[in-house]
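# Analysis of the macromolecular model
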Amino acid sequence: MNILVNGLITGIFFGFLLQKGRVVRYDKQMGALRLMDMTIVKFYFSAILTGMIGVTVLHKLGISPSLILPVNIGANIIGGLIFGIGWAIIGYCPGTALGALGEGRIDALWGIMGMLVGAALFAEVFPVISDTILTWGKEGSITLPQVFGINDWFIIIIFVAGGLGLFYWLEKKGL
Amino acid sequence: MDNKGDKGWNPYLAGALTGVLIILSAGIAKQYFGASTCFVRMAGFIEQIFSAEHVVSSEYFNRVVPYVDWQVMMVLGILIGAFISSMTDGSFQIKAVPDMWAERFGPSPLKRGMFAFIGGIILMFGARLAGGCPSGYGLGAMVQLAVSGLIVVGCFFAGGIIFANIIFRRSERK
């Protein structure tokens, strides 16, 4: 199958599931950040726990490549926190903004335009940042099993146990 | 206020199925989820209309070249998939101001639009500095047990939770 057609079909399923989980909405995203409604946290952890088991099997079988985003501690932390501030204002993230627009939330269109401006702005300042922040704490493409020197499955068991514990606690609290 | 009965699917189920979709993408297309890179590609496309030389000479657009790839199509698909899902279960609703926003900041669509725009700029700048967004780090990196994913996702939530509580707390005092 053509890679672009594959991408489109994958996105349609992803958007369908995001909307069915009701996680594309401002009220749900802000509900999580205000620690009032943990719908997106439930959705998110269910996705990564399932995903990490399957993807690790595919890695072991040599079917899927390992494409690990590198650690740049300075940029990861500063960028992550700036993202968080913007996220609290807009109440959508890049993927869910498209989903929100798809279910008729037209304020997401303003957000998407802002995101395009933000991307263009970053391209302008990139030469300065690449010589400064991006050089702070470069650790390369490392994984948790490498850092702790233990088996992948051990890390996954910890994640799954932690995730199930979190789910149990959230349900008990009615969040 | 959300419509009564507008519950959607169980988030655990929808999330687990998304996990299956991530596994299928890794196995079939050899691709991991991500969304913010394609905003750079699209911004480059738009800039090319006005000044092709500027984009060609840009260091960043030489790294993240403006072209349509798997991820651009995937993100476009999100729009279509959410549209199909919401049209078929009656949850599609044209709405310019979210309920929780209106409660705190008032019902003005212009004000909401302006802040969504500003928030979008800040968020995407941060995502590109960090190297990705909740799709790329939150899903794509986390399923591969990447250290970067854990650091960045922690910072997304830390920044988001702190700032959301600052801007919403003021309303309770009023």
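Quick look at the structure, then.

Cut-off values and rules
Residues numbered from 1 in each chain as written. Chains lettered and ligands numbered in written order. Predicted model: local features only at pLDDT ≥ 70, side-chain atom pairs only at ≥ 80, totals over all residues. Heavy atoms only, no water. Contact = heavy atoms within 4.5 Å. Buried area = accessible area lost by both parts, 1.4 Å probe. Salt bridge = Lys/Arg side-chain N within 4 Å of Asp/Glu carboxyl O. Helix = DSSP H or I, 4+ residues; strand = E, 2+ residues; numbered from the N terminus. Expected span 1.5 Å × (residues − 1). Buried < 20%, exposed > 50% of the residue type's maximum accessible area, 1.4 Å probe, protein only. Patch = residues over 30% accessible without salt bridge, like charges linked within 9 Å, V, L, I, M, F, W, Y side chains within 5 Å. Areas by Shrake-Rupley, 256 points an atom, 1.4 Å probe, with all protein chains shown as cover. Polar contact = N/O pair within 3.5 Å; in protein donor to acceptor, adjacent residues only side chain to side chain.

### As for the interface of chain B and chain A
In this complex, chain B contributes 119 residues to the contact, which on the side of chain A involves 112 residues. Between chain B and chain A, a total of about 10,100 Å² is buried, with carbon and sulfur atoms accounting for 74% of that surface. Summed over the three residues of chain B that lose the most area to chain A, namely Y12, L129 and L145 of chain B, the buried surface amounts to 8% of that side. For the pair chain B and chain A, the interface holds three salt bridges. The shortest N-O distance in the salt bridge between R112 of chain B and D107 of chain A comes to 2.8 Å.

### Description of helix 4 (residues 73-90) of chain A
Residues and elements named next belong to chain A. A rise of 1.5 Å per residue sets the reference length of helix 4, with its 18 residues, at 26 Å; its end C-alpha atoms lie 25 Å apart and thus fit the reference within 8%. By the burial criterion, the buried members of helix 4 are G74, A75, N76, G79, G80, F83, G84, G86, W87, A88, I89 and I90. Positioned one or two residues after helix 4, G91 has a phi angle of 75°, which is positive.

### A word on the environment of F126 of chain A
Within the element layout of this structure, F126 of chain A appears in helix 6 (residues 107-131). Apart from the residues lying within four places of it in its own chain, the contact partners of F126 of chain A are L134 of chain A together with E59, Y60 and R63 of chain B.

### Describing a nonpolar patch on the surface
There is a patch of nonpolar side chains on the surface, built from W9, L13, L17, V20, L24 and I28 of chain B and spanning about 520 Å² of accessible area. Along the chain, V20 of chain B falls in helix 1 (residues 11-28).

### Focus on the side chain of T56 of chain A
All names here are of chain A. Along the chain, T56 turns up in helix 3 (residues 39-60). For T56, a relative accessible area of 3% corresponds to the buried category. Here M52 takes part through its backbone oxygen, which lies 2.6 Å from a polar atom of the side chain of T56.

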